[in-house]
Protein chains: 2
Amino acid sequence: MIKICVDCMGSDNGSKATVGGIKNFLKTHKDVQIIAVGRKEELTELESYSQVEIVDVPDVVPMTVSPLEVMRARKSSMYQAINLTKENGYDAVVSAGSTGGFLSCATMRLKLVEGIQRAALVTPFPTKSGNPLTILDIGANAETTPEQLKQFALMGRIYSQNVFKKEEPRLYLLSNGAEEEKGSPEVKQAHKLLKESNFPGFKGNIEAREALDGDCDVIITGGFAGNIFLKACEGVAKMMQSMIKDAFKKNIFTMIGYLFANSGFKKMKEIMNYKSYGGAMLLGVNGVVVKAHGNSDDYSFGCALDLAYRMAQSNLVNLLRDGVKENTPIEEKGE
Amino acid sequence: MIKICVDCMGSDNGSKATVGGIKNFLKTHKDVQIIAVGRKEELTELESYSQVEIVDVPDVVPMTVSPLEVMRARKSSMYQAINLTKENGYDAVVSAGSTGGFLSCATMRLKLVEGIQRAALVTPFPTKSGNPLTILDIGANAETTPEQLKQFALMGRIYSQNVFKKEEPRLYLLSNGAEEEKGSPEVKQAHKLLKESNFPGFKGNIEAREALDGDCDVIITGGFAGNIFLKACEGVAKMMQSMIKDAFKKNIFTMIGYLFANSGFKKMKEIMNYKSYGGAMLLGVNGVVVKAHGNSDDYSFGCALDLAYRMAQSNLVNLLRDGVKENTPIEEKGE
């Protein structure tokens with residue numbers, strides 16, 4: 001039985017999205033228990049579910065909360081969701097609240113996997129060919145050292161191998177040019193580190209334009225550029241989807257066209273529906289930590305719970321721990 | 001009469017694209033002279049044009065050329081195009097060759113505008129509302145200081161005011177969150193500089209997802225993140241356009257749907273056609289320097305020439321020079 005602890009108060013849409021998401025999720029998942037942390041009076045709809053345990057907590061941290069403030073807000077749903085996960089050994093914790101607050105507090109309470117300097121947010125990504133792309137870090141760290149980028153490569157490799165069953169993931173560094181000498185100072189140095197260590201599957205730099213072609217399995221980036229990449233993709237997808245809608249609504253002919261062409265657009269809608277990715281996982285901490293979108297709705301929060309469920313079931317954290325241990329040189333282990 | 005000097009050899013598609021682009025451009029522009037620099041035998045199609053002067057130059061620099069190599073390659077079309085522009089005071093220079101090589105060599109030969117530390121690549125960008133967005137730097141610099149970001153803000157403001165006639169451009173910093181405390185160390189520091197100086201129109205940070213909504217006029221970013229933003233947008237647009245094609249081709253019904261809906265998609269195609277933007281201008285040097293896409297075809301290279309033409313005609317470089325002078329504090333001027 002997988003146990004998932006949920007911060008029910010964090011999202012932009014308050015408890016409405018999280019309660020709806022939990023209800024959606026439970027429709028298709030029976031071997032699971034949800035620990036719903038939040039204001040009891042907002043969670044009454046969940047009372048009738050035998051799979052849900054409600055933990056009444058009075059406070060909510062704001063979206064602009066700082067990491068230290070979460071650590072001090074002991075009566076907040078976010079702190080308590082993380083804390084209960086730690087204390088009771090739950091399999092996963094999920095929040096749609098402040099990214100910085102949630103990730104920092106989760107890292108401080110659950111601690112980093114031994115040998116890992118920084119945790120990274122990872123998300124699967126739609127690509128043209130359908131080949132699932134793993135990209136990290138998409139925003140846990142605003143500043144990253146070359147050594148940390150190399151560790152992200154290791155974590156990304158293990159993620160791709162275990163979640164997407166890629167035996168030898170092809171791994172690239174996101175840069176402003178495919179040539180070796182292109183990149184910010186950290187990226188250039190990380191390139192050197194990966195190349196000199198003959199990192200398995202490392203193929204060099206990739207530009208953002210080619211990233212979604214489906215020819216690579218893992219993309220490594222610092223959290224600042226990764227976040228800009230992710231959100232630029234989401235922004236253009238959103239813009240074009242709205243343009244497609246407008247195009248079909250233009251006049252009576254285009255509306256008739258929609259009736260005929262609609263079936264063809266289904267697959268595209270599915271692939272480009274960022275909501276179905278639900279959230280991102282914080283890789284490198286001792287536990288399954290899933291950050292759902294701040295603007296989650298019922299559907300996407302349910303998807304985030306599903307992501308947490310699958311990550312818990314796949315035993316990814318232990319596999320990561322073993323993988324890091326195996327790949328840490330003996331001299332570093334002694335440090 | 002506007003005089004545009006063209007490196008005819010630089011593109012991925014060799015002289016074919018540049019010659020075709022010049023021919024396209026001349027169809028609609030009569031008050032212009034083109035100085036076509038390259039191998040004479042590849043430019044024979046241009047011989048019959050009275051508006052074209054061919055300068056025979058034997059060498060071509062490769063796409064991977066380093067800045068110093070261009071400066072040494074005196075017999076290359078790229079060096080000569082820049083050099084002739086400097087020597088003869090032509091109004092603009094255009095190349096589709098190596099970005100690094102072209103921009104560095106242009107900066108070294110034409111020199112930076114007084115008071116500007118670094119030149120930045122700027123491009124207009126399609127947005128949902130149709131409001132033209134100015135974004136810089138999209139790739140001239142892989143590393144940028146906070147002070148340089150502040151200068152990009154000034155150049156972006158002047159560009160938006162003069163090219164897009166925005167009286168009071170709304171200006172944002174591209175970051176991984178809208179909150180003031182979000183960002184890479186340089187971005188956080190640049191935010192502080194812009195805020196403390198009450199920079200006109202500065203509205204704070206913007207996330208990449210909201211950048212294309214059309215509610216901002218100028219976006220400031222370092223070249224590394226800016227390049228990733230630009231290419232992520234291009235990549236997703238390319239991917240979705242190919243998906244739309246596939247969607248309409250799925251079966252006989254969707255093909256009929258296309259016949260009806262086609263007219264609705266025209267506007268979208270126009271807005272999302274990155275080729276029509278042709279290229280990017282290097283802002284901050286003493287001259288109109290336009291970098292066309294490396295994979296330019298006839299159409300997009302013609303658009304790059306049109307951009308150079310409009311920038312030369314708008315007197316932007318002088319306006320920029322005056323604007324920088326006005327906005328440089330007296331103590332700095334004395335340095």
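Above this text sits the structure in question.
This one's a predicted model, so the numbers in the text were calculated from it and none came from an experiment. (Residues numbered from 1 in each chain as written. Chains lettered and ligands numbered in written order. Predicted model: local features only at pLDDT ≥ 70, side-chain atom pairs only at ≥ 80, totals over all residues. Heavy atoms only, no water.)

Peer 1: So what's going on with the overall build of chain A? Which residues, and what values?
Peer 2: Scanning chain A from terminus to terminus reveals 11 helices and 11 strands. Here the C-alpha radius of gyration of chain A, 21 Å, is about what a compact globule of 335 residues would show, namely 20 Å. Looking at chain A residue by residue over its 335 residues, the buried ones come to 56%. Within chain A, residue pairs in contact and separated by at least 24 positions form 68% of the contacts whose partners lie at least 6 positions apart. As displayed, chain A has an accessible area near 13,900 Å², and 49% of this comes from carbon and sulfur atoms. In chain A, the 40 positive side-chain charges and the 40 negative ones have mean positions that sit 4 Å from each other. (Helix = DSSP H or I, 4+ residues; strand = E, 2+ residues; numbered from the N terminus. Rg over C-alpha atoms; globule rule 2.2 N^0.38 Å. Buried < 20%, exposed > 50% of the residue type's maximum accessible area, 1.4 Å probe, protein only. Contact = heavy atoms within 4.5 Å. Areas by Shrake-Rupley, 256 points an atom, 1.4 Å probe, with all protein chains shown as cover. Lys, Arg positive; Asp, Glu negative; His and termini not counted. Charge placed at Lys NZ, Arg CZ, Asp CG, Glu CD.)

Peer 1: Which residues make up the relation of the copies chain A and chain B, and what values do they have?
Peer 2: Each copy of the sequence occupies a distinct position, and chain A is placed on chain B by a rotation of 180° and an axial shift of 0.0 Å, giving an RMSD of 0.0 Å. Seen this way, the second copy is the image of the first under a two-fold rotation axis. Closest approach to the rotation axis among the C-alpha atoms of chain A is made by G257(A), whose C-alpha sits 1.9 Å away. (Least-squares fit on C-alpha atoms with pLDDT ≥ 70 in both.)

Peer 1: Lay out the interface of chain A and chain B in plain terms, naming residues and giving numbers.
Peer 2: Taken together, the contacts link 56 residues of chain A with 56 residues of chain B. Interface area, chain A with chain B, both sides summed: about 5,000 Å², of which 74% is carbon and sulfur. Our count for the contact surface shared by chain A and chain B stands at six salt bridges. The shortest N-O distance in the salt bridge between K238(A) and D213(B) comes to 3.9 Å. The interface formed by chain A and chain B holds seven residue pairs in polar contact (both at pLDDT 80 or more) in total. Within the residue set of the side of chain A that touches chain B, elements represented by two or more residues are β7 (171–175), α6 (185–196), α7 (223–249) and α8 (252–272) of chain A. Classifying every residue of the side of chain A that touches chain B by side-chain character gives 29 nonpolar, 15 polar and 12 charged. (Buried area = accessible area lost by both parts, 1.4 Å probe. Salt bridge = Lys/Arg side-chain N within 4 Å of Asp/Glu carboxyl O. Polar contact = N/O pair within 3.5 Å; in protein donor to acceptor, adjacent residues only side chain to side chain. Nonpolar A, V, L, I, M, F, W, Y, C, P; charged D, E, K, R; others polar.)

Peer 1: I'd like a description of the packing of aromatic side chains, backed by residues and values.
Peer 2: Following the criterion strictly, the structure yields nine aromatic pairs over all chains and no others. When the ring of Y159(A) is compared with that of F164(A), the centres are 6.0 Å apart and the planes differ by 75°; the resulting orientation is edge-to-face. Centre to centre, the rings of F125(B) and F229(B) are 5.6 Å apart; their planes meet at 35°, and the pair counts as tilted. A residue pair is termed long-range when its members are at least 10 positions apart, and F125(B) in strand β5 (residues 120–125) and F229(B) in helix α7 (residues 223–249) qualify at 104 residues. Across the pair, F229(B) and F125(B) agree in class, each one buried. Grouped by ring-pair contacts, the aromatic residues F248(A), Y258(A), F248(B) and Y258(B) constitute a single cluster. (Phe/Tyr/Trp six-rings, centres within 6.5 Å; stacked < 30°, edge-to-face > 60°.)

Peer 1: Account for the packing of helix α3 (residues 77–88) of chain A against helix α4 (residues 99–110) of chain A, with residues named and values stated.
Peer 2: Residue and element names in this part refer to chain A. In the contact formed by α3 and α4, the axes pass within 10 Å of each other and the chain directions differ by 25°. The orientation of α3 with respect to α4, classified from their angle, is roughly parallel. α3 and α4 meet at a crossing whose hand is right-handed. Residues M78, Y79, I82, N83, K86 and E87 of α3 form the contact with α4, whose own contacting residues are G101, F102, C105, A106, R109 and L110. Tallied by class, the residues present in the contact of α3 with α4 amount to seven nonpolar, two polar and three charged. (Axes fitted to C-alpha atoms, helices over the stretch in contact; angles between N-to-C directions. Parallel < 35°, antiparallel > 145°, perpendicular 65-115°, else oblique. Left-handed = near helix turned anticlockwise from the far one by under 90°.)

Peer 1: Quick one: what's the story with the sheet that holds strand β1 (residues 2–7) of chain A, residue by residue and with numbers?
Peer 2: Two pairing modes exist for strands in a sheet, parallel and antiparallel, and in both the strands are linked by backbone hydrogen bonds. All names here are of chain A. The strand order β3-β2-β1-β4-β11-β10-β5-β6-β9-β7-β8 describes an open sheet built from 11 strands, whose pairing is mixed. With partners counted over all chains shown, the strands left at the sheet margins are β3 (52–56) and β8 (202–207), one partner each. Shown here is a sheet whose adjacent strand axes are inclined to one another by a mean of 25°, direction ignored. Pairing analysis gives three bridges linking β7 to strand β9 (residues 218–220), with the strands arranged parallel. The residue of β9 that forms the bridge with L173 is I220. On top of the sheet, α6 reaches β7 and β8; it is set at about 165° to β7, its chief contact. (Pairing = 2+ DSSP bridges.)

Peer 1: Now, about the side chain of T18(A): what can you tell me, with residues and values included?
Peer 2: Summarising the element assignment, T18(A) is placed in helix α1 (residues 14–28). Excluding anything up to four places from it in sequence, T18(A) contacts D7(A), C8(A) and F301(A).

Peer 1: Run through the sheet that holds strand β10 (residues 279–283) of chain B, naming residues and quoting values.
Peer 2: Residue and element names in this part refer to chain B. Ordered by their spatial adjacency, 11 strands build an open sheet running β3-β2-β1-β4-β11-β10-β5-β6-β9-β7-β8, and the pairing between neighbours is mixed. A single partner strand is all that each edge strand has here, and the edge strands are β3 (52–56) and β8 (202–207). Adjacent strand axes in the sheet meet at a mean angle of 25°, parallel and antiparallel pairs treated alike. As defined by bridge partners, β5 adjoins strand β6 (residues 133–136) across four bridges and the pair is classed as antiparallel. Paired with F125 across the bridge in β6 is L133.

Peer 1: Could you give an account of the packing of helix α5 (residues 146–163) of chain B against helix α6 (residues 185–196) of chain B, naming the residues involved and the relevant values?
Peer 2: All names here are of chain B. At a closest axis distance of 8 Å, the pairing of α5 and α6 adopts a crossing angle of 55°. Compared by their axis directions, α5 and α6 come out oblique. Seen from above, α5 lies across α6 with right-handed handedness. Residues P146, E147, L149, K150 and A153 of α5 pack against E186, V187, Q189, A190, L193 and L194 of α6. Across the contact of α5 with α6, the residue classes break down as seven nonpolar, one polar and three charged.

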